[in-house]
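Residue-level structure breakdown
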Amino acid sequence: MKKRLKEIVEQDESSAGRIFNLFIIALILLSVLSISIKTLPDLDESIVRFLEIFELVVVIIFTVEYVLRIYVADKKLGYIFSFYGVIDLIAILPFYIATGIDLRSLRIFRVLRLLPILKLVRYSEAASLLMRVFKSIRRELIVFLFVTICMLYVAAIGIYYFENPAQPEEFSSVFHSLWWSVSTFTLLGYGDVYPVTLGGRIFTFFVLITGIAMIALPTGLVAAALRKEIDLEPEE
């Protein structure tokens, strides 16, 4: 029995395994769609109730799937703490946490209910390839993230000292200046907060140039790692 379940849950070579995978993928897509439908205004109460019941059924099925994967795993702790094991857990955990919490004060749990879409990574070869790519350059990405955070903070400090005397409301503190720093550094430039002093504009120019360089760096790392992973894949 356990061997048969293992073939269905972990392998997609058999027809039963493929049907199981397609069933889970369909549930993931339908659950995300149902969450979107629930946001429609003036939705009939019966439809809302149906969607809530459907969401409950989906979570139960995902929970059963998670338990089955633990049951058939050769190394149970290895699966639980693996990437896919964590994804399977966080796909169902927010629902159980949110059941005993007032969601009016913690709206983040409503957003977290979209996490089952992450389960699609397991069934996508392209997504699996990207995960291997990011895993191979994780150290470089961590260093890049740390440097980026430091530079965002330095940019916020710089623009604060340039613009605070001229715009005390928009740049009232370094922390308020972080919004400008993020939008400028990432080249979004919303335009709701912008420098008016000469020093602030010159400083913004250098921040923009630095932002362009910083965006190119991880792009090059990912492209090189992706090329390497593709070359390592066996040809069909």
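Structure shown above.
Calculation notes
- Residues numbered from 1 in each chain as written.
- Predicted model: local features only at pLDDT ≥ 70, side-chain atom pairs only at ≥ 80, totals over all residues.
- Heavy atoms only, no water.
- Helix = DSSP H or I, 4+ residues; strand = E, 2+ residues; numbered from the N terminus.
- Buried < 20%, exposed > 50% of the residue type's maximum accessible area, 1.4 Å probe, protein only.
- Contact = heavy atoms within 4.5 Å.
- Areas by Shrake-Rupley, 256 points an atom, 1.4 Å probe, with all protein chains shown as cover.
- Axes fitted to C-alpha atoms, helices over the stretch in contact; angles between N-to-C directions.
- Left-handed = near helix turned anticlockwise from the far one by under 90°.
- Nonpolar A, V, L, I, M, F, W, Y, C, P; charged D, E, K, R; others polar.
- Salt bridge = Lys/Arg side-chain N within 4 Å of Asp/Glu carboxyl O.
- Phe/Tyr/Trp six-rings, centres within 6.5 Å; stacked < 30°, edge-to-face > 60°.

Some remarks on the overall build of the protein
When helices and strands are counted, the protein shows 10 helices and 0 strands. Listed by position from the N terminus, the elements making up the protein come as α-α-α-α-α-α-α-α-α-α. Relative to its 236 residues, the protein shows a buried fraction of 33%. If you take every contact in the protein between residues at least 6 apart in sequence, the share linking residues at least 24 apart comes to 62%. Accessible surface computed for the protein: about 15,400 Å², of which carbon and sulfur atoms make up 70%.

Things to note about the packing of helix α2 (residues 15-37) against helix α3 (residues 45-72)
Across the interface, α2 lies against α3 with an axial gap of 10 Å and an inter-helix angle of 145°. The element α2 and its partner α3 pack so that their crossing is left-handed. Counting all contacts with α2, which are made through Phe20, Phe23, Ile24, Leu27, Ile28, Leu30, Ser31, Ser34 and Ile37, the residues of α3 involved are Leu51, Phe54, Val58, Ile61, Phe62, Glu65 and Arg69. Taken together, the residues of the contact of α2 with α3 sort by class into 12 nonpolar, 2 polar and 2 charged.

Comments concerning the pattern of salt bridges
Under the criterion given, the structure shown has 6 salt bridges. The residue glutamate 7 makes a salt bridge to arginine 4 at a minimum N-O spacing of 3.5 Å. Linking glutamate 7 with arginine 4, this pair stays in helix α1 (residues 2-10), spanning 3 residues, or about one helical turn. Owing to a relative accessible area of 27%, glutamate 7 belongs among the partly exposed residues under this scheme. By relative accessible area, arginine 4 is classed as partly exposed at 42%.

Here's the deal with the environment of phenylalanine 171
You can see phenylalanine 171 is positioned in the loop between α8 (138-163) and α9 (174-185). Exposure remark for phenylalanine 171: the relative accessible area of 0% places this residue in the buried category. In the structure, phenylalanine 171 is positioned 10 residues away from tyrosine 161 in sequence and 8.8 Å away in space, judged by C-alpha atoms.

Some thoughts on unusual backbone geometry
Residues apart from glycine generally show negative phi values, whereas peptide bonds are mostly found in trans. Of note in this structure, aspartate 42 is not a glycine but carries a positive phi near 55°. Tracing the backbone shows aspartate 42 in the loop between α2 and α3.

Things to note about the packing of aromatic side chains
A full pass over the atoms with the stated rule returns 5 aromatic pairs. Pairing tyrosine 66 with tyrosine 79 gives two aromatic rings, centres 6.0 Å apart and planes at 45°, and the pair type is tilted. Of this pair, tyrosine 66 sits in helix α3 while tyrosine 79 is found in helix α4 (residues 76-80), placing the two residues 13 residues apart along the sequence. For the pair formed by tyrosine 66 and tyrosine 79, the shared burial category is buried. The interplanar angle of 75° and the centroid separation of 5.1 Å between the aromatic rings of tyrosine 160 and tyrosine 161 together place this pair among those described as edge-to-face. Using a relative accessible area of 19% as the deciding quantity, one classes tyrosine 160 as buried. A relative accessible area of 61% means that tyrosine 161 is categorised as exposed. In textbook terms, an aromatic cluster arises when at least three aromatic residues are bridged by ring pairs, as seen for Phe162, Trp180 and Phe203.

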